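Chains, contacts and geometry: an overview
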Amino acid sequence: MTFAHPHFAEPRWLWLAVLAPLVLAGLQWYSGWARRKQLEQLVAPHFLEELTRSHSPARRAAKGLLVVLAAAAVGLALARPQWGEQQEAGQALGEDIIFVLDCSRSMLATDVTPSRLQRAKLAILDFMRRHSHSRLGLVAFAGQAFLQCPLTFDYGAFEDALSAIDDKTIPIPGTDIGRALDEGFRAMDKGGQDKLIVLLTDGEDLEKGGVRTAEGLAKQGVVVFTVGVGTPGGAEIQMINEQGKQELVRDTQGQVVRSRLDESTLHSIAQATHGAYFPLGPLGEGLAKVRLALENRSAGSGSTPARRFGVDRFHLPIAAALVLLVTESLIGTRRRLRGS
């Protein structure tokens, strides 16, 4: 359609612009006829002209014509006359992304500074600020998993939920990646096309259910990007004890626990869902690679085409209708008599 030429966006309302004036004109004629008949029944014929001498048929006809034209203008306005053309640029379409963040004790290791958990949180914040056209959600997990922030465009609320996560957020110890992925899937909009999870963890899947769960999610169309937090060499885990002092975490035999990044598990989870694995790195560059991968993924279909549409001009007949009605209200129906 060529929008530059005058046309109506809602032409089905044009019947009102024709029918309403005809109905009003008919009602006005009938009203005048009925008034005349009533007067003829009440007053003798030789008094009728004297009683109606001050009445101006021309003024009443003018008032009726203005009302009829106003009704026609309202019908035209409802039909939405348009001329001229404007264009709306295409917009980028964001994905729904669920971040699944490990906050177990092993994430307190300091093989990346200031700690694995803090480095992961800082990287997510940087991702949020640079990838600002997607809905983001957040799941925290350890031995259990809970939704901390549902999918939202309210990045302030997302940031508040992220900042509140620490090693005490999930009181159940352990690292159950399978349960965490399930919780991330439950938080998704099942009607959405892209189902994306970004898993940030050191990969120590104590329950050994991560790969199996990922294979099931792949059948639901879920893509998981895994981000390994930590180093293969690992580090000891330090915690604050009840006396407020830092101490090393030890196993049941009294040996100091050393947590290492398990990259093989994270590779397997990513491959099972046709995603990708990236190590987080000392400055969070791994999550930056995830962001680039997502942008490349949606490059072909991630924006709406530019749209052209006509410029509405309905305000012009509306303004005309108001002027006509105001003018009609200012016109009286009595003529000026000489000597009065």
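The paragraphs below set out a description of the structure included in this document. (Residues numbered from 1 in each chain as written. Predicted model: local features only at pLDDT ≥ 70, side-chain atom pairs only at ≥ 80, totals over all residues. Heavy atoms only, no water.)

A separate point is the sheet that holds strand β7 (residues 222-228). For sheets, the rule is that strands pair by backbone hydrogen bonds, running either parallel or antiparallel. With mixed pairing, 6 strands are arranged side by side in an open sheet as β5-β4-β3-β6-β7-β12. The strands lining the two open edges of the sheet, one partner per strand, are β5 (145-152) and β12 (277-279). Neighbour-to-neighbour, the strand axes of this sheet turn through a mean angle of 15°, independent of strand direction. In this sheet, β7 lies alongside strand β6 (residues 195-201) in parallel orientation, the contact comprising 7 bridges. Across the sheet, the residue bridging to I197 is V224, located in β7. Packing of helix α8 (residues 263-272) onto the sheet brings it into contact with β6, β7 and β12, and relative to β7 it is tilted by some 160°. (Pairing = 2+ DSSP bridges. Helix = DSSP H or I, 4+ residues; strand = E, 2+ residues; numbered from the N terminus. Axes fitted to C-alpha atoms, helices over the stretch in contact; angles between N-to-C directions. Contact = heavy atoms within 4.5 Å.)

To continue, consider the pattern of salt bridges. Scanning the model with the defined rule gives 14 salt bridges in all. Residue E10 is joined to R12 by a salt bridge in which the shortest nitrogen-to-oxygen separation is 2.4 Å. In this structure, the salt-bridge partner of K168 is D167, at a minimum N-O distance of 3.8 Å. Of the residues examined, K168 reaches a relative accessible area of 62% and is grouped as exposed. Where salt bridges share partners, they join E10, R12, R80 and D312 into one cluster. (Salt bridge = Lys/Arg side-chain N within 4 Å of Asp/Glu carboxyl O. Buried < 20%, exposed > 50% of the residue type's maximum accessible area, 1.4 Å probe, protein only.)

With an omega of -5°, the peptide bond running from T113 to P114 counts as cis. Unusually for a residue other than glycine, R80 sits at a positive phi of about 55°. Relative to the assigned elements, R80 resides in the loop between α3 (57-78) and β2 (81-88). The backbone of H274 shows a phi angle near 60°, a positive value even though the residue is not glycine. For H274, the location among the structural elements is in the loop between α8 and β12.

Packing of helix α4 (residues 116-130) against helix α9 (residues 285-297) leaves a shortest axis separation of 9 Å and a crossing angle of 30°. Judged by the angle between their axes, α4 and α9 are roughly parallel. The crossing of α4 and α9 is right-handed. Residues A123, I124, F127 and R130 of α4 lie in contact with α9, whose contacting residues are L287, V290, R291 and L294. (Parallel < 35°, antiparallel > 145°, perpendicular 65-115°, else oblique. Left-handed = near helix turned anticlockwise from the far one by under 90°.)

The subject of this paragraph is the side chain of R116. Structurally, R116 can be placed in helix α4. Side-chain polar atoms of R116 contact the side chain of D202, separated by 3.0 Å. (Polar contact = N/O pair within 3.5 Å; in protein donor to acceptor, adjacent residues only side chain to side chain.)

Moving on, we come to a nonpolar patch on the surface. Nonpolar side chains collect at one region of the surface, where W13, W15, L19, V23, L27, V74 and L78 lie side by side and expose about 620 Å² of accessible area between them. Of all the elements in the fold, those that place two or more residues in the nonpolar patch are α1 (14-42) and α3. Broken down by element, the residue count for the nonpolar patch peaks at 4 residues, all from α1. (Patch = residues over 30% accessible without salt bridge, like charges linked within 9 Å, V, L, I, M, F, W, Y side chains within 5 Å. Areas by Shrake-Rupley, 256 points an atom, 1.4 Å probe, with all protein chains shown as cover.)

All we've got here are geometric facts, nothing functional implied.
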